[in-house]
Amino acid sequence: MKIAWVTDRSSTGMHRPHDRIALVLQGGGALGAYQAGAFEELSDTAFQPDWIVGVSIGAINAAIIAGNPPERRVERLSAFWHQVSSGLPQFADASPMMPWLRAMTESTEPRSAFNQWSAWHAALLGIPGFYQPRLPPPPFQPEGTQAALSLYDTAPLRKTLESLIDFDLINDGSIRLSLGTVNVRTGNSHYFDSTQCRIGPEHIMASGALPPSFPPVIIDGEAWWDGGILSNTPLQQVLDLREKSESMLIFQVDLFSARGALPKNFDDVLKRQKEILYSSRTRYTSNMVAEITNTRRAICDLIAKLPEDLKDDPEVQHLGEFARVGPIDLVHLIYRPGPYERESLDYEFSRTSVLERWEAGRRDLRDTLMHPEWLKRAGQAAGATQYDLTQHTRVVSKVAQ
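What comes next concerns the included structure.

Here is what the cut-offs are and how they apply
Residues numbered from 1 in each chain as written. Predicted model: local features only at pLDDT ≥ 70, side-chain atom pairs only at ≥ 80, totals over all residues. Heavy atoms only, no water. Helix = DSSP H or I, 4+ residues; strand = E, 2+ residues; numbered from the N terminus. Contact = heavy atoms within 4.5 Å. Areas by Shrake-Rupley, 256 points an atom, 1.4 Å probe, with all protein chains shown as cover. Expected span 1.5 Å × (residues − 1). Buried < 20%, exposed > 50% of the residue type's maximum accessible area, 1.4 Å probe, protein only. Arc of directions from axis to C-beta. Polar contact = N/O pair within 3.5 Å; in protein donor to acceptor, adjacent residues only side chain to side chain. Patch = residues over 30% accessible without salt bridge, like charges linked within 9 Å, V, L, I, M, F, W, Y side chains within 5 Å. Salt bridge = Lys/Arg side-chain N within 4 Å of Asp/Glu carboxyl O. Axes fitted to C-alpha atoms, helices over the stretch in contact; angles between N-to-C directions. Parallel < 35°, antiparallel > 145°, perpendicular 65-115°, else oblique. Left-handed = near helix turned anticlockwise from the far one by under 90°. Nonpolar A, V, L, I, M, F, W, Y, C, P; charged D, E, K, R; others polar. Phe/Tyr/Trp six-rings, centres within 6.5 Å; stacked < 30°, edge-to-face > 60°. Lys NZ or Arg CZ within 6 Å of the ring centre and 35° of its normal. 1 Å grid on protein atoms, 1.4 Å probe; cavity = no way out; pocket = protein on both sides within 12 Å on 5 of 7 lines; lining within 4 Å. Points joined across faces, edges and corners; volume = space filled by probe spheres on them.

To continue, consider the overall build of the protein. In terms of helices and strands, the protein carries 14 helices and twelve strands. Within the protein, contacts between residues separated by at least 24 positions form 74% of all contacts whose residues are at least 6 apart in sequence. Total accessible area on the protein stands at roughly 18300 Å², and carbon and sulfur atoms take up 56% of it.

Here's what the structure looks like:
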């Protein structure tokens, strides 16, 4: 699978006015190709992330980016998504099957059936380079073993990660990498961070160990599961650990939308339930970011208007230190599934779907970067701005005053 496009950036006037740029990647299985496409579009700009935070498939994409030099990142992402989308037979253009496949994928009802068949294929036979079914299944495995704790074996994923990622490069500190997990014993969220520990393939696998499909990963005597079962959107991690005085640009690439249509059938119910569950109140969090940041800005503005004798009051000074915070520009992209995608969309790994999601990520980020409102307020003294891609060709810039 060759994924390479050239985009003209000459008219965007791009520059980097922020102290730090973060890329925040939500979990979502097969939908993660959307994040890879968004990164490819981003990779040809001045906005290169120096901190990447990921959960589940977002952790895998994040580690591939952080674990390769800039000129190889898109190539290695492409290699991963080529590998995991190779389970179904791939048809060459000259094949007599190709007209049938094109017709199926261009019509909603046949395409929905094709996607469901692809998902069943993944469920029954596994995904190359990712996971394989356990035989015999868990109920027939010895109690207390890893095989008794999950439907699939993820040993193939470890080999894939080791072949695609330079872990020395991750751990040399050029890009900060944070991977979200959950402690199985305590139920507490934890991020393995390259500034605090040496990252290896086991940390990435822990972030993607979604039960009951995948087994917990043992690290330092503790068992870890996918961070998405507690919070699938790692934005809060960035906000909690960032240097408050630094200006920050955050690209948040989500795979599940909190908003959606009313279900019309039982499959719609399952799909909508999954979207709400794994969107992890992402819009609520981003709106709270803007509200808190702009409240702090208002406090600083108010203190600046006080008489000099009051400014020297210890309590006022303490409040001023608490309220002082650098500006935040939050770019929010959300994958929008097609009408043919079913409840199984996050484990439907056909090449056709992977390419479509990759291209959707490129398109959505390109639309954001080319919009006239792009970073219009960047570099201002304080405050938070959200750039929310509500449609593929229209960006709404929200500024709390």
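For the rest of this paragraph, the subject is helix H10 (residues 266-279). Counting along an α-helix, one turn takes 3.6 residues, and residues three or four places apart therefore face a common direction. Taking 1.5 Å per residue as the helical rise, H10 with its 14 residues ought to reach 20 Å, and the 20 Å between its terminal C-alpha atoms agrees with that figure. Every buried residue of H10 is listed here: Asp267, Lys271, Arg272, Lys274, Glu275, Tyr278 and Ser279. Viewed along the axis of H10, the buried residues span an arc of 160°, placing them on a single side of the element. Pointing more than 90 degrees away from the buried face of H10 are the exposed residues Phe266 and Ile276. In this structure Asn265 caps H10, since a side-chain oxygen of it lies 3.1 Å from the backbone nitrogen of Asp267. Of the residues one or two after H10, Ser280 is the one with positive phi, at around 50°.

A contiguous nonpolar surface patch, about 500 Å² in accessible area, is contributed by Trp117, Trp120, Leu124 and Leu125. Relative to the assigned elements, Trp120 resides in helix H5 (residues 108-125).

What follows deals with the packing of helix H1 (residues 33-43) against helix H14 (residues 351-370). Packing of H1 against H14 leaves a shortest axis separation of 6 Å and a crossing angle of 45°. By the angle between their axes, H1 is oblique relative to H14. The handedness of the crossing between H1 and H14 comes out as right-handed. Contacts between H1 and H14 involve Ala33, Tyr34, Ala36, Gly37, Ala38, Glu40, Glu41 and Leu42 from the former and Val354, Arg357, Trp358, Ala360, Gly361, Arg362, Asp364, Leu365 and Arg366 from the latter. Residue composition of the contact of H1 with H14, grouped by class: nine nonpolar, two polar and six charged.

If you walk through the whole model with that rule in mind, you get 14 aromatic pairs. Pairing Phe47 with Phe251 gives two aromatic rings, centres 6.4 Å apart and planes at 55°, and the pair type is tilted. With Phe47 in the loop between H1 and strand S2 (51-55) and Phe251 in strand S9 (residues 248-254), this residue pair connects regions lying 204 residues apart in the sequence. Neither residue differs from the other here; Phe47 and Phe251 are each classed as buried. Seen from their ring centres, Phe256 and Tyr278 are 5.6 Å apart, and the 35° between their planes marks the pair as tilted. Residue Phe256 is found in the loop between S9 and H10, and its partner Tyr278 is found in helix H10; the two are separated by 22 residues along the sequence. Feature note: the residues Phe80, Trp81, Phe130, Tyr131, Tyr152, Phe214 and Phe349 constitute an aromatic cluster, connected by ring pairs. In this arrangement the basic side chain of Arg176 is found over the ring face of Trp51, its NZ or CZ atom lying 4.2 Å from the centre.

With that settled, the discussion passes to the environment of Ala59. Examined against the element boundaries, Ala59 turns out to sit in helix H2 (residues 57-66). In this structure Ala59 comes out as buried when scored by relative accessible area, which is 0%. The sequence separation of Ala59 and Leu179 amounts to 120 residues, and the corresponding C-alpha distance is 5.7 Å. With residues up to four places along the chain from it excluded, the contact list for Ala59 reads Gly54, Leu179, Ile204 and Ser207.

It is the contact of H1 with helix H3 (residues 73-84), at a shortest axis distance of 10 Å, that shows an interaxial angle of 165°. When the axes of H1 and H3 are compared, the pair comes out roughly antiparallel. The interaxial crossing formed by H1 with H3 has left-handed handedness. Here Ala33, Ala36, Phe39, Glu40 and Ser43 of H1 come into contact with H3, specifically with Arg73, Val74, Leu77 and Trp81. Residues that form the contact of H1 with H3 fall into these classes: six nonpolar, one polar and two charged.

A water-sized probe, rolled over the atoms, reveals where empty space remains. In this structure, the largest pocket encloses a volume near 590 Å³. Lining the largest pocket are 29 residues; nearest its centre among them are Leu210, Ser213, Phe214, Asp346 and Tyr347. For the lining of the largest pocket, the secondary-structure elements that each account for two or more residues are H2, H5 and H10. Of the residues contributing to the lining of the largest pocket, the split by class is 16 nonpolar, nine polar and four charged. Lining of the second largest pocket is provided by 23 residues; of these, Asp268, Lys271, Gly338, Pro339 and Glu341 occupy positions nearest its centre. Looking at the lining of the second largest pocket, the elements with two or more residues in it are H5 and H10. Per-class residue counts for the lining of the second largest pocket are six nonpolar, six polar and eleven charged.

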